[in-house]
Amino acid sequence: MALPLPPGLTASEVGFLCEMEFVTVIPRQRLDGLELLGGPTQPLKPPFPTPLPLWLALLLKKQKRANISPPPWLSVEGLSHILDFETDTRTAEVFSPSQALPPPMGTRRGYEDYLDAEIVDFSPPFLPKSSTTGAQAEALPYHWLEVGHLLLTHAADDFDDAEGVRRLLRDLREVRMSKLRKGFKVLDAGAGVKLNGVGAMEIAEVRGFVGGVVDGLRKINRSREESRKEREAEDRENGLGGGSYQEDDDDMQL
Amino acid sequence: MDDDIQDILNSVSAPSIPQRTRDLQALTRAWVNERTSPELLSYPTPLIERVMERTKKQIETIEDITGTLDPRSNFTLVILQTELERFKFIVRSYLRARIAKIDARPLHYRALSQSEPTTLLSPLEQQYLQSHQALLSSHYNSSFLATFPQSLQKLDDTSGGVSMVDKPDEETAVFCRALRDAGSVEVMGETATTDVELQRGDLWLLRWSAVKDAVVRGDVELV
């Protein structure tokens, strides 16, 4: 059966991905290490904190077999700091930085390496330290909104101030969303927009709109783009690449 | 000095990540790429084979544990089964996304897979494409095409300047992340063509045609 969904991850698929983020659990019961398909898990020995994937942590939490300690950024202090950064007039144009990346795995060799497990580079949601207690306090991970929401829904009693965190998370989401909307002014037919710091769920939310605008503009501008391409190719052949000559040409066309 | 130690530590710790974990990352990436790209990407046969082999073994393990009827292992069983379902979901969604693309442009992908012996389609997908296409064209022929004039009966006519073979739109905008420094790519602006530098960790909205090669190389992933 073919998949009936349009291209682009849906919100529930992003939610599925975020459940692979690692979080730190504090076990209440012993559990031997398990040989999972995605790699072995560490044995759980109370009360030693252990990193586990979020889906497993939530499973343990629901059965009251473990507590989840929230990552440092998901706290009143961490979120207030990030919110200050987002609302500061000096940094009004940018999003708060994302979590630092681990060192690269290997160097690329050639075309046949696509998805080669030997040199596959890790990216969210598989970064080992973006939602565990070892995460940076002042940077948001790629799946911040989803992880925050899941932890607040299912493990609210593990927070010092769940209500405060929830409020800050909502503020942060609104501030960032309006920033993202303002940023759409730069959209044009060429795409080419840098979105560093934007989260997975935020992308899922705007994907349809942004994709539609960019593709629509491109279709409207197709003839102009093609004529420009031809002109540039001609210029290159004649050895007249760029320069003032080309700008004159653009003016005349407008 | 500290950097040197860090480098050594990295080179020691990197291979310790089990292959299964790396395969999960690769499989997830393949799935997300396939879900978001406008074009069909090549089929990673070794990866899928490894994953399917492990899934089969895991099912056997689960059956073994179920057979022992040990009440203590009940919870372990729940975890193993949950994870198995998650894996099955990714693989199923991945294959279905591929079939959706094949169904949308069957003639294009048939031409592609015939003209060059690539790893674009798996043998099963190849078989599906051929037989599905054969069924469709014989159905069209018997229901209405046979009554048309001879010159209008073709389904893949490319003469007369207009091709009947529908191609995916390579200029579609995609969201992508650079996994390594991937050099510069061309951006077609409204008034001029500019180059942008893709640096590790950067998130961009770009045209598929601009990043396609980097995605195939593994330097860039779609999100």
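Residues numbered from 1 in each chain as written. Chains lettered and ligands numbered in written order. Predicted model: local features only at pLDDT ≥ 70, side-chain atom pairs only at ≥ 80, totals over all residues. Heavy atoms only, no water.

What to know about the overall build of chain A
Per the secondary structure count, chain A includes eight helices and six strands. Starting at the N terminus and walking to the C terminus, you meet the elements of chain A as α-β-β-β-β-α-β-α-α-α-β-α-α-α. Expressed as a percentage of the 254 residues in chain A, the buried residues total 50%. Intrachain contacts of chain A at a sequence separation of at least 6 include 67% that bridge at least 24 residues. Only carbon and sulfur atoms are counted for the fraction: they give 53% of the accessible area of chain A, which is about 13,000 Å². (Helix = DSSP H or I, 4+ residues; strand = E, 2+ residues; numbered from the N terminus. Buried < 20%, exposed > 50% of the residue type's maximum accessible area, 1.4 Å probe, protein only. Contact = heavy atoms within 4.5 Å. Areas by Shrake-Rupley, 256 points an atom, 1.4 Å probe, with all protein chains shown as cover.)

Points about the packing of helix α5 (residues 162-183) of chain A against helix α6 (residues 200-220) of chain A
Residues and elements named next belong to chain A. Look at α5 against α6: their axes get within 12 Å of each other, and the N-to-C directions meet at 40°. By the criterion of interaxial angle, the relationship of α5 to α6 is oblique. Seen from above, α5 lies across α6 with right-handed handedness. Judged by residue contacts, Arg173, Arg176, Met177 and Leu180 of α5 engage Glu202, Glu205 and Val206 from α6. Looking at the contact of α5 with α6 residue by residue, the class counts come to three nonpolar, no polar and four charged. (Axes fitted to C-alpha atoms, helices over the stretch in contact; angles between N-to-C directions. Parallel < 35°, antiparallel > 145°, perpendicular 65-115°, else oblique. Left-handed = near helix turned anticlockwise from the far one by under 90°. Nonpolar A, V, L, I, M, F, W, Y, C, P; charged D, E, K, R; others polar.)

Re the sheet that holds strand β4 (residues 50-53) of chain A
All names here are of chain A. Across the sheet, three strands lie side by side as β4-β1-β5; this open sheet has antiparallel pairing. The strands lining the two open edges of the sheet, one partner per strand, are β4 and β5 (66-69). In this sheet, neighbouring strand axes are inclined to one another by 50° on average, regardless of whether the strands run parallel or antiparallel. Examined bridge by bridge, strand β1 (residues 22-27) and β4 share four bridges and lie antiparallel to one another. Residue pairing for β4: threonine 24 is matched across the bridge by proline 51. Across the sheet, helix α2 (residues 54-62) is in contact with β1, β4 and β5; its angle to β4 comes to roughly 105°. (Pairing = 2+ DSSP bridges.)

Digging into the UniProt feature "domain: DNA replication complex GINS protein PSF2 N-terminal" (unreviewed entry) in chain A
UniProt tags residues 10-68 of chain A as "domain: DNA replication complex GINS protein PSF2 N-terminal" (unreviewed entry). Secondary structure content for residues 10-68 of chain A is 29% helix and 29% strand, and the end C-alpha separation is 27 Å. (UniProt positions renumbered as here; feature names shortened; annotations may be inferred.)

Topic: the nonpolar core
Grouped together as the largest cluster of nonpolar side chains are 91 residues, with contacts concentrated most on Ile79 and Leu205 of chain B. Ranked by the residues each element gives to this core, the list is headed by helix α4 (residues 74-104) of chain B, at nine residues. With residues near it in sequence (within four places) discarded, isoleucine 79 of chain B still touches Leu31, Leu34, Leu36, Trp55, Leu56 and Leu59 of chain A. Counting residues in hydrophobic clusters, the runner-up holds 17 residues, among them Val174, Ala182, Leu198 and Leu222 of chain B. (Core = buried A, V, L, I, M, F, W, Y, C linked by side-chain atoms within 4.5 Å.)

What about the pairing of β5 of chain A?
A regular strand carries its side chains on alternate faces of the sheet. All names here are of chain A. Covered by surrounding structure in β5 are Ala66 and Ile68 together with Asn67 and Ser69, the residues of both alternating faces. Two strands pair when backbone bridges link them, and β1 and β5 are joined in this way by four bridges, in the antiparallel orientation. Bridged to threonine 24 within β5 is serine 69.

A short note on the interface of chain A and chain B
Facing 76 residues of chain A, the contacting portion of chain B comprises 78 residues. Here chain A and chain B share an interface that buries about 7,100 Å² over both sides, 61% of which is from carbon and sulfur atoms. Connecting chain A to chain B are seven salt bridges. One salt bridge connects glutamate 13 of chain A with arginine 35 of chain B, and the closest N-O pair in it is separated by 2.8 Å. Applying the counting rule to chain A against chain B returns 25 residue pairs in polar contact (both at pLDDT 80 or more). For the side of chain A that touches chain B, the elements supplying multiple residues, two or more each, are α1 (11-18), β2 (35-36), β3 (39-40), α2, β6 (193-194), α6 and α7 (222-238) of chain A. Broken down by element, the residue count for the side of chain A that touches chain B peaks at nine residues, all from α6 of chain A. Looking at the side of chain A that touches chain B residue by residue, the classes come out as 46 nonpolar, eleven polar and 19 charged. Summarising the sheet, β6 of chain A and strand β4 (residues 203-207) of chain B pair through two bridges and their orientation is antiparallel. By the bridge assignment for β4 of chain B, lysine 194 of chain A is matched with tryptophan 204 of chain B. (Buried area = accessible area lost by both parts, 1.4 Å probe. Salt bridge = Lys/Arg side-chain N within 4 Å of Asp/Glu carboxyl O. Polar contact = N/O pair within 3.5 Å; in protein donor to acceptor, adjacent residues only side chain to side chain.)

Quick look at the packing of α4 of chain B against helix α6 (residues 123-143) of chain B
Residues and elements named next belong to chain B. Running from N to C, α4 and α6 point in directions that differ by 35°, and their axes come no closer than 11 Å. For the element pair α4 and α6, the recorded crossing hand is right-handed. Contacts between α4 and α6 involve Leu95, Arg98, Ile99, Ile102 and Asp103 from the former and Glu125, Tyr128, Leu129 and His132 from the latter. Of the residues in the contact of α4 with α6, the class split is five nonpolar, one polar and three charged.

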